[in-house]
Amino acid sequence: QVQLVESGGGLVQAGGSLRLSCAASGFTFSDYGMGWFRQAPGKEREFVAAISWAGGGTYYADFVKGRFTISRDNAKNTVYLQMRTLEPEDTAVYYCAAVRDFVRDIREYKYWGQGTQVTVSS
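Conventions used here
Residues numbered from 1 in each chain as written. Predicted model: local features only at pLDDT ≥ 70, side-chain atom pairs only at ≥ 80, totals over all residues. Heavy atoms only, no water. Core = buried A, V, L, I, M, F, W, Y, C linked by side-chain atoms within 4.5 Å. Buried < 20%, exposed > 50% of the residue type's maximum accessible area, 1.4 Å probe, protein only. Helix = DSSP H or I, 4+ residues; strand = E, 2+ residues; numbered from the N terminus. Contact = heavy atoms within 4.5 Å. Disulfide = S-S within 2.5 Å. Pairing = 2+ DSSP bridges. Axes fitted to C-alpha atoms, helices over the stretch in contact; angles between N-to-C directions. Lys, Arg positive; Asp, Glu negative; His and termini not counted. Salt bridge = Lys/Arg side-chain N within 4 Å of Asp/Glu carboxyl O. Polar contact = N/O pair within 3.5 Å; in protein donor to acceptor, adjacent residues only side chain to side chain.

Draft legend 1. Spatial organisation of the nonpolar core. Counting residues in each nonpolar core, the largest one holds 37 residues, and the members touching the most others are Leu4, Trp36, Val79, Leu81, Met83 and Tyr94. Per-element tally for this core: the top contributor is strand β9 (residues 92-99), with six residues. Not counting the four nearest positions on each side in its chain, leucine 4 is found in contact with Cys22, Ala23, Ala24, Phe27, Met34, Cys96, Ala97, Ala98, Tyr111, Trp112, Gly113 and Gln114.

Below, the structure written as structure tokens:
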């Protein structure tokens with residue numbers, strides 16, 4: 001069956017870095033665009049970044065401000081989110097998701113992981 005398993009979350013001080021990974025299985029990874037989303041307590045889940053199936057195209061949310069980089073390794077069926085200069089406002093559960101397209105719209109994403117917690121202390 002389809003699985004998306006995120007890892008790499010944790011507690012970090014403001015200004016620090018984390019690299020999230022999402023390992024995919026159960027579908028043809030290279031046929032899918034991949035996205036990262038996040039959900040903070042009491043807030044709606046929001047788009048963070050997306051990457052096209054071959055990795056040639058990327059989208060980022062405005063709040064990323066050049067701090068995050070999405071990438072993928074189709075040989076490893078894995079998508080990454082490198083996060084730098086983290087801020088307390090980045091505290092959230094981060095989810096990866098798969099879409100048979102290359103879009104920002106959360107409603108289009110078909111497969112979802114369970115999420116990994118990122119906590120940024122001030």
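Draft legend 2. The arrangement of the environment of leucine 18 in detail. If you trace the backbone, leucine 18 turns up in strand β3 (residues 18-25). Expressed as a C-alpha distance, the spacing of leucine 18 and leucine 86, which sit 68 residues apart in the sequence, is 8.2 Å. With near-sequence residues (within four places) excluded, leucine 18 lies in contact with Gly8, Gly9, Gly10, Val12, Leu81, Gln82, Met83, Leu86 and Val118.

Draft legend 3. Quick look at the state of the cysteines. If you walk through the whole model with that rule in mind, you get one disulfide. Here cysteine 22 connects covalently by a disulfide to cysteine 96, the sulfurs 1.9 Å from one another. Every disulfide takes its handedness from the sign of the S-S torsion; for cysteine 22 and cysteine 96 that torsion is 45°, giving right-handed. With cysteine 22 in strand β3 and cysteine 96 in strand β9, this residue pair connects regions lying 74 residues apart in the sequence. Using a relative accessible area of 0% as the deciding quantity, one classes cysteine 96 as buried.

Draft legend 4. Expanded view of the sheet that holds β3. If you trace the four strands from one edge of the open sheet to the other, you get β1-β3-β8-β7, paired in antiparallel fashion. Lying at the two open borders of the sheet, with one neighbouring strand each, are β1 (3-7) and β7 (68-73). Between one strand and the next, the sheet's axes are offset by a mean angle of 15°, whatever the strand orientation. Direction of pairing for β7 relative to strand β8 (residues 78-83): antiparallel, over a ladder of six bridges. Bridge pairing in β8 places serine 71 opposite tyrosine 80.

Draft legend 5. Focus on the side chain of glutamate 6. The topology assignment puts glutamate 6 in strand β1. Of the side chains bearing the opposite charge, arginine 45 lies closest to the buried glutamate 6, which forms no salt bridge; the N-O distance is 7.4 Å. A distance of 3.1 Å separates a polar atom in the side chain of glutamate 6 from the backbone nitrogen of glutamine 114. When neighbours within four sequence positions are excluded, glutamate 6 is seen to be in contact with Ser21, Cys22, Trp36, Tyr94, Tyr95, Cys96, Gly113, Gln114, Gly115 and Thr116.

Draft legend 6. Looking closely at the environment of threonine 91. Mapped onto the elements of the fold, threonine 91 is located in the loop between β8 and β9. For the pair threonine 91 and serine 30, spaced 61 residues apart in sequence, the C-alpha to C-alpha distance is 30 Å. Setting aside chain neighbours within four positions, we find threonine 91 in contact with Ala40, Gln117, Val118, Thr119 and Val120. A distance of 2.9 Å separates a polar atom in the side chain of threonine 91 from the backbone nitrogen of valine 120.

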